[in-house]
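Given next are the chains, with one letter for each unit.
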Amino acid sequence: MPLRRRWAALLLGVAVVLAVAAAGARAQDYNNGGGGDGEDEEEEEKPSFKAQEACNGAFLTYTFTEREKEYPRTKNATAQAFAFKATATVLNTMTEDLKAWQMFVGFQHKEILVTVGGAVLLDGTDLPANVSGGVTFAGYPMANLLNSIETAGDLTQIQAQIDITGTQFGVKPPTAPMPRTIKLSNPGFRCPKPTHKQSVMYVCCVKDPKFKAKKVNTTTRYLPRQKADLTIAYDVLQAFGNNYMVQVTIDNWSPIGRLDNWNLTWEWKRGEFIYKMRGAYTLNKEGPACVYSPAAGYYKDFDFTPAYSCEKRPIVVDLPPEREKDKDVGNIPFCCKNGTLLPPSMDESKSRAVFQMQVFKLPPDLNRTALYPPQNWKIIGKLNPQYTCRQPVRVSPVVFPDQTGLMSSTPAVASWQVACNITRPKRRAAKCCVSFSAYYDDSVVPCNTCACGCGGGGGGGNGTATCDADARATPLPPEALLIPFDNRTAKARAWAKIKHRRVPNPMPCGDNCGVSVNWHIMNNYKSGWAARITIFNWQDYTFKDWFAAVTMRDHYSGYENVYSFNGTKMGAPFNNSIFMQGLPGLTYLEPIIDGRTPEDPRVPGKQQSVISFSRKDAPNVNIAKGEGFPKRLYFDGEECALPDTIPKPSSAHRRASLGQIVMAVVLVMVVDSLCL
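Residues numbered from 1 in each chain as written. Predicted model: local features only at pLDDT ≥ 70, side-chain atom pairs only at ≥ 80, totals over all residues. Heavy atoms only, no water.

Labelled according to an unreviewed UniProt entry, the protein chain appears under the name COBRA C-terminal domain-containing protein, originating from Oryza rufipogon. What UniProt records for the protein chain under Sequence similarities (unreviewed entry) is the sentence "Belongs to the COBRA family." Within the UniProt record for the protein chain, the comment given under Subcellular location (unreviewed entry) is "Cell membrane". (UniProt positions renumbered as here; feature names shortened; annotations may be inferred.)

Draft legend 1. Layout of the overall build of the protein chain. The helix and strand inventory of the protein chain stands at 7 helices and 38 strands. In the protein chain, which comprises 676 residues, the proportion classed as buried is 47%. Of the contacts formed within the protein chain by residues at least 6 apart in sequence, a portion of 70% connects residues at least 24 apart. Surface exposure of the protein chain reaches about 34,400 Å², of which carbon and sulfur atoms provide 53%. (Helix = DSSP H or I, 4+ residues; strand = E, 2+ residues; numbered from the N terminus. Buried < 20%, exposed > 50% of the residue type's maximum accessible area, 1.4 Å probe, protein only. Contact = heavy atoms within 4.5 Å. Areas by Shrake-Rupley, 256 points an atom, 1.4 Å probe, with all protein chains shown as cover.)

Draft legend 2. Local environment of the pattern of salt bridges. Applying the stated rule across the entire model yields 17 salt bridges. R258 is paired through a salt bridge with D260; the nearest N and O atoms lie 2.9 Å apart. D260 matches R258 in its accessibility class, with the two residues each being buried. Residue D636 is joined to R258 by a salt bridge in which the shortest nitrogen-to-oxygen separation is 3.2 Å. A residue pair is termed long-range when its members are at least 10 positions apart, and D636 in the loop between β37 (632-635) and β38 (638-639) and R258 in the loop between β14 (243-252) and β15 (263-267) qualify at 378 residues. Taken individually, D636 and R258 each receive the classification buried, so the pair is uniform in this respect. By sharing partners, the salt bridges in this structure join D126, E267, K269, K312 and R313 into a single network. (Salt bridge = Lys/Arg side-chain N within 4 Å of Asp/Glu carboxyl O.)

Draft legend 3. Broad picture of the state of the cysteines. Under the counting rule described, the total for this entry stands at 10 disulfides. Here C450 is linked by a disulfide to C454, with a sulfur-sulfur distance of 1.4 Å. Since its relative accessible area comes to 1%, C450 is described here as buried. Under the relative-accessibility criterion, C454 is labelled partly exposed at 22%. The disulfide bridge from C467 ends at C509, spanning 1.9 Å between sulfur atoms. Across the disulfide from C467 to C509, rotation about the S-S bond amounts to roughly 90 degrees, and the bridge is consequently right-handed. Of this pair, C467 sits in the loop between β27 (441-445) and α6 (489-498) while C509 sits in the loop between α6 and β28 (515-524), and the two are 42 residues apart along the sequence. Each member of the pair C467 and C509 is classed as buried. (Disulfide = S-S within 2.5 Å.)

Draft legend 4. Structural context of the sheet that holds strand β7 (residues 135-139). Ordered in space as β5-β7-β3-β9, the 4 strands form an open sheet in which the pairing is antiparallel. Looking at the sheet topology across the chains shown, the edges are occupied by β5 (119-121) and β9 (182-184). Strand-to-strand twist across the sheet, computed as the mean angle between neighbouring axes with direction ignored, equals 30 degrees. When strand β3 (residues 102-105) meets β7, the two strands line up antiparallel, connected through 4 bridges. Of the residues in β7, the one forming a bridge with V105 is V135. (Pairing = 2+ DSSP bridges. Axes fitted to C-alpha atoms, helices over the stretch in contact; angles between N-to-C directions.)

Draft legend 5. Quick peek at the pairing of strand β21 (residues 386-389). Of the two faces of β21, only one is covered, namely that formed by Y387 and C389; the face formed by Q386 and T388 stays uncovered. Two elements, β21 and strand β25 (residues 414-423), share 4 bridges in a ladder whose sense is antiparallel. Opposite T388, over in β25, you have N421 as the bridge partner.

Draft legend 6. Molecular detail of the packing of aromatic side chains. By the definition in use, this model includes 30 aromatic pairs. A centroid spacing of 4.2 Å and a plane angle of 5 degrees characterise the contact between W529 and F613, whose relative ring orientation is stacked. Taken together, the positions of W529 in strand β29 (residues 528-537) and F613 in strand β36 (residues 605-614) put the pair 84 residues apart, joining distant regions of the chain. Neither residue differs from the other here; W529 and F613 are each classed as buried. A connected cluster of aromatic rings, assembled from ring pairs, spans F273, Y275, Y298, Y299, F302, F304 and F360. The side chain of R352 reaches across the aromatic face of F334, ending 5.5 Å from its centre. (Phe/Tyr/Trp six-rings, centres within 6.5 Å; stacked < 30°, edge-to-face > 60°. Lys NZ or Arg CZ within 6 Å of the ring centre and 35° of its normal.)

Draft legend 7. Structural view of the environment of A451. As for its position among the elements, A451 is in the loop between β27 and α6. With relative accessibility at 4%, the residue A451 sits in the buried group. The sequence separation of A451 and A469 amounts to 18 residues, and the corresponding C-alpha distance is 9.8 Å.

Draft legend 8. Main features of the confidence of the model for the protein chain. Per-residue confidence for the protein chain gives a mean pLDDT of 85; residues scoring 70 or more make up 85%. Counted against residues more than four places away or in other chains, residues 16-44, with its pLDDT under 50, gives 10 contacts. Low pLDDT, under 50, characterises residues 457-462; the stretch is placed with 21 contacts to residues that sit more than four places away or in other chains. (pLDDT = per-residue confidence, 0-100.)

Draft legend 9. Just α6, in detail. Within the span of α6, buried status applies to A492, W495 and A496. Angularly, the buried residues of α6 cover 100 degrees about the axis, an arc narrow enough to put them on a single face. Along α6, the residues that are exposed and aim more than 90 degrees away from the buried face are A490, K497 and I498. The inward-facing, buried residues of α6 contact β27. Once α6 ends, the next one or two residues include H500, with phi positive near 60 degrees. (Arc of directions from axis to C-beta.)

Draft legend 10. Quick look at the sheet that holds β27. With respect to topology, 6 strands assemble into an open sheet ordered β27-β26-β28-β29-β36-β32, the strand pairing being mixed. Lying at the two open borders of the sheet, with one neighbouring strand each, are β27 and β32 (559-562). Neighbouring strand axes in the sheet, compared pairwise and without regard to direction, differ in orientation by 20 degrees on average. By the bridge criterion, 7 bridges tie strand β26 (residues 432-438) to β28 in an arrangement that is parallel. Paired with V434 across the bridge in β28 is V517.

In structure tokens, the structure reads:
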């Protein structure tokens, strides 16, 4: 072959090789969104790349980015505070949408979150928030992550990013202060142990094939409504360009939960403000103050004088009953009950509250479909359970009947639901307490010291400067239960002297509870036994439609009757419980009143009843060993603090002595006389 032809063939081969290499580079650029050597370097720098590509579920990452030493500077490494920044992401890699995503980050270095972008705390805790035990983030404003197939892989629709700024303690550089774990909290997903490489943590959470989800309407993108102790519905009735009409519905579903004088609050995240309301009102109606709000910068010629509230966290309260038919602020079904929400088992018409609002929006949300509910909902009442509310979840629009009376119906423009559940109070954080007494012991075990806190309050507001907040409560004579704690000291000292007990110095602090309950074992005979419950109100407040619930132990099956109250057995989840409420005409628990003379102690309001139990279905109950005392006791939905000890008879007092019988009779006579 001539030399010229050989060179031509060689050049042709080189051209073919270069063309194939270029085509491969172009194919690699198209498939992976990068190109050439730069992408290889990015893949090496991003250790989660291969795991992300192989994930078919939800891919979560947590990346620690930077930190800086804070003041005060300390030589103790564990006490030194560092300001840190981190980023977390949730990527939907499934063929279906990921609805209402929730990501748990197991912080473990005493972290305090200061700002969070792209998400909110699921339990609605205000920032700054101590999250040293871990925290769950919920998506906001992007609560749902669409799938890649229907969005052409648009990361802005299939991935959410959480920007975290906060403070952490005790981890010196160069060690990165990483959480112990990250995982997806949505039900029906399994998350293995996350992979940790340097300052990056990642995990792929996949659907659990064993999880049996409830059947839902698969034709919509909405989640099913949740079950909770209390739910709040946020239903948009009308939508305009710069404002919308919304109806808020509060439903109490708990068989022992209630609210009195409820206060409802939330946080506007996008500059909204309330212009009009019906069925409720804001506690601080500061229309003129709106001229200094961000809304005034956009609505320059707007009259803010009639506006209800421009506060970021407004406080909404119920209207009184006399405004129910008011044509301006009332005329809303289920409104105007002065903030009372009863259990549905007592009165379904009083277990719901409804009000409506006209809400104005700010740019960039100036179109009909730009609708965002407020976040971080909280609801409280007077002597009521503590509720923890989750963030709003988009649900299918509620359907309202036609207002003209026709057979047609109208769906809401959009609907969200907030689920709130009762949380058990922390130790020494209750609002009511219980004392124990029995026929076989002439002393009363009072409420625990500082059962409702030591900051003062009903029941004798002792300060810790003159009493011992950590001392065990001193046994009392029975008549001491009928007087405020401030007047019990002399009786407690005298009783201790009679019983040859040591007198503490200083004396234990009071329980500081606005309501106290005495549970007294009255008798114990062959065919059964009986107890007496007495409720004392130490506040200047009347409890209307009060109720109580007591959870017994194994001897609950012997329950026969409650004689002066209306008593009924409860079902799941409150098995072994008795629900009690006042009989018609006796539904008020009166407040504390002055004594007959200025020298006499104040007299609490009270209600009392006897409860009988049979041994037919519970023959093995040992009353002498203290098995007749309740396991839990609730008043108006609030779980009361129980004593640490119970009365126990000595070996010489297996039977009631004459003095003990006299004690029981005297207590009943005194209580009955004061009730007249």
